[in-house]
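Topology and contacts: notes
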Amino acid sequence: PPWYSESLQTRDGGVYDPRSALTPEEAALAGSAAGMVTRAIISPLDVVKIRFQLQIEQVSSRKPQGKYSSLLQASRCILTEEGLPAFWKGHLPAQLLSVCYGAVQFASFETLTELVHKNTSYNSQMPGVHFLCGGLAASSATIACQPLDTLRTRFAAQGEPKVYRTLRHAVFTMYRQEGVLTFYRGLAPTLVAVFPYAGLQFFFYNVFKKLLEHDSTLSKGGLQSLLSGGIAGIISKTITYPFDLFKKRLQVGGFEEARVHFGQVEDVQWLVGTVVVQISREEGTTVGFFKGLVSPPAESRSVTYMGLTFFWYEFFTQYKFQLERGT
């Protein structure tokens with residue numbers, strides 16, 4: 001992902017310099033902190049987006065068919081039926097996910113880029129190097145954190161009364177009823193999407209940051225990173241969005257009892273191909289694969305999540321360098 005490039009540059013804009021680059025431990029700490037802050041802010045949008053993705057019926061305010069038809073209607077419905085805390089359902093596993101994912105991803109990227117710099121003739125600032133290292137780092141983080149992602153989805157998907165009372169109850173119940181492999185539901189489409197997703201984030205973030213860097217009004221206060229990250233987030237998310245939807249559908253397989261009062265429920269199989277064919281046949285390719293994307297939750301979530309992640313990562317890394325300089 002693009003925000004890594006800052007840690008691989010000298011503070012005066014040069015190429016990789018071991019003396020000014022972040023260590024894997026520092027990158028992991030900054031990434032975890034950025035993920036925690038961002039996750040707490042965007043949780044309500046995340047919950048609504050997941051509800052939209054899991055709804056079989058069309059999400060439309062013009063022709064409402066399912067339980068949720070728009071951002072405003074869904075928000076009111078969740079607030080009325082489940083209360084304000086419902087917008088932070090699954091927040092504990094989501095925060096653990098953010099910390100774990102950020103730590104593994106940032107540390108892996110720093111380590112891989114340093115290896116390229118020290119052991120090959122390639123320039124560590126080359127887009128191709130960042131794309132490869134970023135994709136491998138994101139894939140490593142995905143494999144390490146997939147169980148937490150599945151738990152987060154299950155909590156956000158359940159209504160009232162709750163099937164899972166606590167994180168511990170969810171872990172033991174899923175393990176006892178579905179086996180250990182259930183924690184890795186949706187891993188295949190996630191790995192397929194995460195590599196290009198990480199590369200596209202890097203590419204678009206750097207493109208827009210270069211376009212905005214000459215604007216003095218955007219050069220201070222992290223606004224440049226916020227805008228560049230937000231735009232990069234929505235573009236990369238749009239391109240890889242279907243894989244995220246496939247993952248969510250797979251993650252709630254075997255969880256049908258908690259989804260009954262939300263509307264139509266289908267028996268989801270383990271195979272990605274089966275889910276793809278099922279959605280295409282019953283919901284349509286365009287509408288089904290991109291359900292929730294053209295509505296505010298996904299768009300707002302992508303812009304907010306990536307923009308704030310870039311912003312807070314820049315903030316924490318700059319704070320670290322200021323402490324070192326004693327300023």
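Reference entry: report on the structure contained in this document. (Residues numbered from 1 in each chain as written. Predicted model: local features only at pLDDT ≥ 70, side-chain atom pairs only at ≥ 80, totals over all residues. Heavy atoms only, no water.)

1. Thoughts on the overall build of the protein
For the protein, the count of helices and strands is 11 helices and zero strands. The 327 residues of the protein split such that 52% are buried. Taking the intrachain contacts of the protein between residues at least 6 apart in sequence as the baseline, contacts between residues at least 24 apart amount to 77%. Of the roughly 14700 Å² of accessible surface on the protein, a fraction of 64% belongs to carbon and sulfur atoms. (Helix = DSSP H or I, 4+ residues; strand = E, 2+ residues; numbered from the N terminus. Buried < 20%, exposed > 50% of the residue type's maximum accessible area, 1.4 Å probe, protein only. Contact = heavy atoms within 4.5 Å. Areas by Shrake-Rupley, 256 points an atom, 1.4 Å probe, with all protein chains shown as cover.)

2. Quick look at a nonpolar patch on the surface
Together, Leu79, Leu84 and Trp88 give the surface a local cluster of nonpolar side chains, amounting to about 290 Å² of exposed area. Secondary-structure assignment places Leu79 in helix α3 (residues 71-82). The exposure class assigned to Leu79 is partly exposed, which follows from its relative accessible area of 41%. (Patch = residues over 30% accessible without salt bridge, like charges linked within 9 Å, V, L, I, M, F, W, Y side chains within 5 Å. Salt bridge = Lys/Arg side-chain N within 4 Å of Asp/Glu carboxyl O.)

3. A word on the side chain of Ser43
Mapped onto the secondary structure, Ser43 falls in helix α2 (residues 24-54). A polar contact is formed between the side chain of Ser43 and the backbone oxygen of Phe87, at a distance of 2.9 Å. Here Ser43 is in contact with Phe87, Trp88 and His91, once residues within four sequence places are set aside. (Polar contact = N/O pair within 3.5 Å; in protein donor to acceptor, adjacent residues only side chain to side chain.)

4. Brief notes about the nonpolar core
Across soluble globular proteins, nonpolar side chains show a tendency to be buried alongside one another. Val48, Phe52, Leu54, Tyr68, Ala74 and Ile78 are the most contacted members of the largest nonpolar core, which totals 15 residues. Counting residues per element, this core draws most heavily on α2, at five residues. By size, the runner-up hydrophobic cluster in this structure holds eight residues, among which are Phe246, Leu250, Val275 and Phe289. (Core = buried A, V, L, I, M, F, W, Y, C linked by side-chain atoms within 4.5 Å.)

5. Describing the side chain of Glu82
Tracing the backbone through its elements, the reader meets Glu82 in helix α3. Among the polar contacts listed, one links the side chain of Glu82 to the side chain of Lys89, at a separation of 2.7 Å.

6. As for the environment of Leu84
For Leu84, the location among the structural elements is in the loop between α3 and α4 (91-119). Overall, Leu84 belongs to the exposed group, its relative accessible area being 53%. Taking C-alpha positions, Leu84 is 9.5 Å from Pro44, a pair spaced 40 residues apart along the chain.

7. Here we look at the environment of Pro93
By the secondary structure assignment, Pro93 is in helix α4. Separated by 60 residues in the primary sequence, Pro93 and Thr153 place their C-alpha atoms 9.2 Å from one another. Once residues within four sequence positions are removed from consideration, Pro93 is found in contact with Leu148, Leu151, Arg152, Phe155 and Leu167.

8. Side note on helix α6 (residues 167-178)
Helix length check: α6, at 12 residues, gives a terminal C-alpha distance of 16 Å against a target of 16 Å (1.5 Å per residue), a fit within 8%. Phi turns positive one or two residues past the end of α6, at Gly179, with a value near 90 degrees. (Expected span 1.5 Å × (residues − 1).)

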